[in-house]
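Take a look at the letters that make up each chain.
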Amino acid sequence: MSEPYSVRVTVRGYETDVQGHLNQAVYLNYAEHARWSLLQEAGITQSRLQAHGVGPVALETTIRYKRELLAGDEVDVSCVFEWGGGKTFTIRQTITKTDGTVSAEISAVGGLLDLERRKLVPNPRDVFRELTKDTALFGLDVDV
């Protein structure tokens, strides 16, 4: 995939703190929104994941705040999957204002939970490849 998947979000006033900045917890909501939007674009719904007996889980998230966001700012939230050889994958996300200013960088380690066994599936890459209608959205069109 040449360009990362991205979704546009407008910062709403009620998401800001007393200084007028986007509340730090809302960055996670924006990142989650972009991830679920990517899944939907790929044809993967919550009900489809459940029917397959799996669910995505967040194992670790790091946010690097770069520049403030204020009510009314429009941002693009990107989403890129990086695959290793094990049970986990990394999702790299950038929140960028429309003028190109990077506001935050987010790195999340995730996995797919087997809903019956309550353990991570051994190779989430294979499950996403099976469920998606667009392997390029997950970076699965290139073997590592």
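How each quantity is defined
- Residues numbered from 1 in each chain as written.
- Predicted model: local features only at pLDDT ≥ 70, side-chain atom pairs only at ≥ 80, totals over all residues.
- Heavy atoms only, no water.
- Phe/Tyr/Trp six-rings, centres within 6.5 Å; stacked < 30°, edge-to-face > 60°.
- Helix = DSSP H or I, 4+ residues; strand = E, 2+ residues; numbered from the N terminus.
- Salt bridge = Lys/Arg side-chain N within 4 Å of Asp/Glu carboxyl O.
- 1 Å grid on protein atoms, 1.4 Å probe; cavity = no way out; pocket = protein on both sides within 12 Å on 5 of 7 lines; lining within 4 Å.
- Points joined across faces, edges and corners; volume = space filled by probe spheres on them.
- Buried < 20%, exposed > 50% of the residue type's maximum accessible area, 1.4 Å probe, protein only.
- Lys, Arg positive; Asp, Glu negative; His and termini not counted.
- Polar contact = N/O pair within 3.5 Å; in protein donor to acceptor, adjacent residues only side chain to side chain.
- Contact = heavy atoms within 4.5 Å.
- Expected span 1.5 Å × (residues − 1).

Enquirer: Can you explain the packing of aromatic side chains? Please cite residues and give values.
Expert: By the definition in use, this model includes 9 aromatic pairs. Between Y27 and Y65 the ring centres are 5.0 Å apart and the planes differ by 80°, which places this aromatic pair in the edge-to-face class. Taken together, the residues Y27 in helix α1 (residues 24–41) and Y65 in strand β2 (residues 54–65) connect sequence positions 38 residues apart. Within the aromatic cluster, the residues linked to one another by ring pairs are F81, W83, F89, F128 and F138.

Enquirer: Lay out the pattern of salt bridges with the relevant residues and their values.
Expert: If you walk through the whole model with that rule in mind, you get 6 salt bridges. With a shortest N-O distance of 2.6 Å, E15 and R12 are connected by a salt bridge. Across the salt bridge formed by K97 and D73, the nearest N and O atoms sit 3.8 Å from each other. Here the residue K97 occupies a position in strand β4 (residues 88–97), and D73 occupies one in the loop between β2 and β3 (74–83), the gap between them amounting to 24 residues. One continuous salt-bridge network, built from bridges that share partners, spans R8, E74 and D76.

Enquirer: Which residues make up the layout of surface pockets, and what values do they have?
Expert: The volume enclosed by the largest pocket comes to roughly 220 Å³. Forming the boundary of the largest pocket are 15 residues, of which E32, R35, P56, V57 and I91 lie nearest the centre. Elements represented by at least two residues in the lining of the largest pocket include exactly α1, β2, β4 and β5 (102–114).

Enquirer: For the side chain of D114, give the residues involved together with the corresponding values.
Expert: Looking at the secondary structure, you find D114 in strand β5. Although D114 lies buried, it forms no salt bridge, and the closest oppositely charged side chain, R117, sits 4.1 Å away as judged by the N-O distance. Reaching out from D114, the side chain makes a polar contact with the backbone nitrogen of E116 at a distance of 2.9 Å. Discounting residues that sit within four places of it in the chain, D114 has contacts with G53, K119 and V121.

Enquirer: Could you give an account of α1, with specific residues and numbers?
Expert: Spacing of three or four residues puts side chains on the same side of an α-helix, whose turn is 3.6 residues. Here α1 is 18 residues long and its end C-alpha atoms lie 27 Å apart, about the 26 Å a rise of 1.5 Å per residue gives. For α1, the complete set of buried residues consists of V26, Y27, Y30, A31, A34, R35, S37, L38 and L39. For α1, the secondary structure elements touched by its buried residues are β1 (5–10), β2, β3, β4, β5 and α3 (124–131). Where α1 begins, one side-chain oxygen reaches toward the backbone nitrogen of A25, 2.9 Å away; that side chain belongs to N23. G43 occupies a position one or two residues after α1 and carries a positive phi of about 85°.

Enquirer: Can you break down the environment of L115 residue by residue, with the values?
Expert: Its location among the elements puts L115 in the loop between β5 and β6 (119–120). Separated by 43 residues in the primary sequence, L115 and G72 have C-alpha atoms spaced 39 Å apart. L115 has contacts with Q50, G53, V54 and G55, leaving out every residue within four places of it along the chain.

These results come straight from atomic positions and should not be treated as a statement about function.
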